[in-house]
Amino acid sequence: MNNEIIKNGSQMVCESLIKENVDHIFGIPGGAILPLYQVLPEYPQLNHILVRHEQGAAHAADAYARATGKAGVAFATSGPGTTNLVTGIATAQMDSVPLVAITGQVGRPAIGTDAFQETDITGITLPITKHNYLVMETKDIGSIIKEAFHIATTGRPGPVLVDIPKDILQEDGIFEYPQNIDIRGYKPNIAVNQKQIKKASILIKEAKRPVILAGHGIKISNAYQELLSLAEKCQIPVINTLLGLSSFPANHYLYYGWPGMHGMAYSNLILDQADLIIAVGMRFDDRITGNPEKFAVSAKKIHIDIDPSEVGKIIQVDVPIVSDAKTALKELITNVKDKEHSEWLIQIDRIKNNHPLKLRDTQKLIPQYIIKELHEITEGKAIIVTGVGQHQMWAAQHYTFNEKNKLITSGGAGAMGFEVPGALGAQVGRPDEMVWSIAGDGGFMMTMTELATIAENKLPIKFAIINNGFLGMVRQWQELFYEKSYVSTSYNGIPDFVKLAEAFGILGIKVTDKKQVKSAIQDAIDHDGPVLIDFIVESEENVYPMIPSGATVEDMMEEPTSQEIK
Amino acid sequence: MIKNNSQLETRIVTALVNDKPGVLNRITSMLRRRAFNIQSLAVGHSEIDNLSRLTVIVEGGDDIVEKLTKQLHKLIDVIKVNDVSDDNIVSRELALIKITSTPNTRNEIIQLVSIYRSKIVDVSANSIIIEATGDDQKIRALQDLLKNFGIIEVIRTGIIAMNREKINKRKEI
Ligand SMILES: Cc1ncc(C[n+]2csc(CCOP(=O)(O)OP(=O)(O)O)c2C)c(N)n1
Ligand SMILES: [Mg+2]
């Protein structure tokens, strides 16, 4: 027997990760996973970033994956270490992000005995992972990790958790890493159904008022060029979903914003008037459809999605195409002839002009203005990471995304607290680009502990805290639907974020006046290291337009005129 | 499509799944999370090593069964899924029914059981256990008749279903 292939379980894990081209891991050690940590120095290719909370590890690995297109990797120890990952895993699941979580478990003999720090993490994460594993034999480590990465990154990506008992991490065995794997019940790449492509091509040919509704799938399958080509070839306007933002240049003449609860009024109206919607890599989330029975009723629908279970789940479609976005779009491009839609484009330009996205002209410091300035000063080149709430919607509305893959935000889960570890993961994944975290004061306080990680690793992330002193989005609902009864949404005693930044060794800047905005942003960019700007903004600004939950375009509230705002 | 006594539309879906720890948990967890109404679920070894066969009776029409098959398929441990409701199938369920019996009622019970082509598998001083096989309707009918004697316990395996030979000549045995 060749001695070289004898490894202990921990070494096998590291060897496997190297085979999968992993270069960064986010995590925190503990008893059950300690053997794995103790061999890390043998593998300098694996850069471990010690976060301050496992939720941070999961969100950072998630954002790393979104920023790079590679799987993100998180480590956590058994019990509370693993349960702290849960929010991050659920976030990755909702947004189809390839995340591989490797967790330590109590030793095999102790499983099922309620041993110290024993938690059934495979049971807990069953409904929030694409798949998960409890490794029960050392010899299986290689094939399970190979499968985990394969499942996480192919088809519709998603999180996979691999739980490894401590005694397996310590046990010696023969290491084998399979070259190929064949998972009987998992065949994600189905050939595109040519009949459906033909049917779709006919619908495109016949359509007078077509719209492409492009989602996250464009970014995941790297179909930027194909989206652009199809749109230009057939002169079809493009509307993005929130997660689809930065998949199509926003400064392109065929771009018409994003729809939904807080999307542009004109995008919603255009979808409502369309006679054909070509939905690509998106899943008709309720934040987009409102009442699905009344969503875009005049339009036929072509739905391209790689996950068959998404097709027909919410909306009845005329032509289902089960495929990744890139392949399906390529097929469509070769099957359709050039087209013009000049009348439709004139019509929708009129809609856009009549229902523009407004920026209130005021001397007060409002979040929308800050984001617009941020876009101008950074020339739209920054990677924007957000939290969840009003600031997220304003970021999506006013930071126009002209370049590829520039927005990283928690869509499906809407996980507040994503803004700090998300920025961490994005910056680690794309070290040469400028990362701006547009943070809510509420969300920031959920995970600001990762400022320590950011400072320690000298990551030059810039934070723009949109500090309205409120759980703003919830306050807005209370204002509009509960007669301004602000129950538990106003903060009394927000810490001084500038001093807080300084405590972490990070430059802090406070901005209270509109006139300070430009120079503060410029100073942050010029500073060689992380910076936090605390923007003390108008506290009761609302996000418009707004379609109330479960309603329709007809119920859309557009921005009130200045006089209407007290 | 089958209609049972309660007039709810139900469908039969069979699936070939990995025979590994936790697989049933994955399936039932999905069924619960996606709020499918399941009338019965039966699982056991198949003719293939390491694979089990599952029969699910779900309440609902075409749309529900389509969603169910897609969601089942999405599970990595599920290899193959078939909606066999409209196929030419044989479906059976096994029930054990324990009823009160006295020397006076024993003969009547034996008669009933033989009409229903069921079996008596245990006779004790005060009770009898009956083994019945058939489709849902037959078992319910028998159970209804036995009610008068006093049912002590009923246990049912859940329906299992199998396609007949695809060739024309089919014979009910
Ligand atoms: C973890 C989590 N808890 C609660 C919520 C509900 N929620 C949605 S938006 C919001 C307010 C967010 O406040 P903040 O981060 O200050 O952002 P703002 O809306 O003020 O811009 C809350 C509480 C959530 N989305 N996530
Ligand atoms: Mg706030």
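Everything quoted here is computed from the prediction, not taken from an experiment.

Conventions and cut-offs
- Residues numbered from 1 in each chain as written.
- Chains lettered and ligands numbered in written order.
- Predicted model: local features only at pLDDT ≥ 70, side-chain atom pairs only at ≥ 80, totals over all residues.
- Heavy atoms only, no water.
- Contact = heavy atoms within 4.5 Å.
- Buried area = accessible area lost by both parts, 1.4 Å probe.
- Salt bridge = Lys/Arg side-chain N within 4 Å of Asp/Glu carboxyl O.
- Domains from an automatic or database assignment.
- Polar contact = N/O pair within 3.5 Å; in protein donor to acceptor, adjacent residues only side chain to side chain.
- Nonpolar A, V, L, I, M, F, W, Y, C, P; charged D, E, K, R; others polar.
- Donors = N, O, S within 2.8 Å, 3.2 Å for Na, K, Ca; no water.
- Helix = DSSP H or I, 4+ residues; strand = E, 2+ residues; numbered from the N terminus.
- Buried < 20%, exposed > 50% of the residue type's maximum accessible area, 1.4 Å probe, protein only.
- Pairing = 2+ DSSP bridges.
- Axes fitted to C-alpha atoms, helices over the stretch in contact; angles between N-to-C directions.

Each partner contributes residues to the interface: chain B has 17 residues there, and chain A has 17 residues. Together chain B and chain A conceal approximately 1400 Å² of surface at their shared face, both sides included; 54% is due to carbon and sulfur atoms. It is Arg26, Lys70 and Ile76 of chain B in chain B that bury the most area against chain A; as a group they hold 45% of the surface buried on that side. Linking chain B to chain A there are one salt bridge.

All names here are of chain A. In terms of domain boundaries, chain A breaks down into domain 1 (6–174), domain 2 (194–354) and domain 3 (367–543). Centre-to-centre separation of domain 1 and domain 2, based on C-alpha positions: 37 Å. When domain 1 packs against domain 2, the two sides together hide about 590 Å² of surface, and 58% of this comes from carbon and sulfur. Taken together, the links from domain 1 to domain 2 amount to two salt bridges. Between aspartate 307 and arginine 156 there is a salt bridge, with the nearest N and O atoms lying 2.9 Å from each other. The tally of links between domain 1 and domain 2 comes to three residue pairs in polar contact (both at pLDDT 80 or more). Split by residue class, the side of domain 1 that touches domain 2 holds two nonpolar, two polar and three charged.

On to the coordination of the magnesium ion (ligand 2). All names here are of chain A. For the magnesium ion (ligand 2), the protein coordination sphere consists of Asp441 (OD), Asn468 (OD1) and Phe470 (O), at 2.0 to 2.2 Å. If you list the donors of the magnesium ion (ligand 2) from N- to C-terminus, the spacing comes out as D-x26-N-x1-F. Linking aspartate 441 in helix H19 (residues 441–447) with asparagine 468 in the loop between strand S17 (462–467) and helix H21 (472–481), this pair joins segments that are 27 residues apart in sequence. Taken individually, aspartate 441 and asparagine 468 each receive the classification buried, so the pair is uniform in this respect.

Moving on, we get to the side chain of serine 91 of chain B. Following the sequence through the fold, serine 91 of chain B ends up in strand S6 (residues 89–100). When residues no more than four places from it in sequence are discounted, the contact partners of serine 91 of chain B are Ile12, Gly134, Asp135, Ile159, Ile160 and Ala161 of chain B.

Residues and elements named next belong to chain A. The sheet built from five strands is open, its strands ordered S10-S9-S11-S12-S13 with parallel pairing. Two strands in the sheet have a free side with no partner beyond their single neighbour: strand S10 (238–240) and strand S13 (319–322). On average, adjacent strands in this sheet sit at an angle of 15° to one another, irrespective of strand direction. Note: strand S12 (residues 300–305) against S13, four bridges, orientation parallel.

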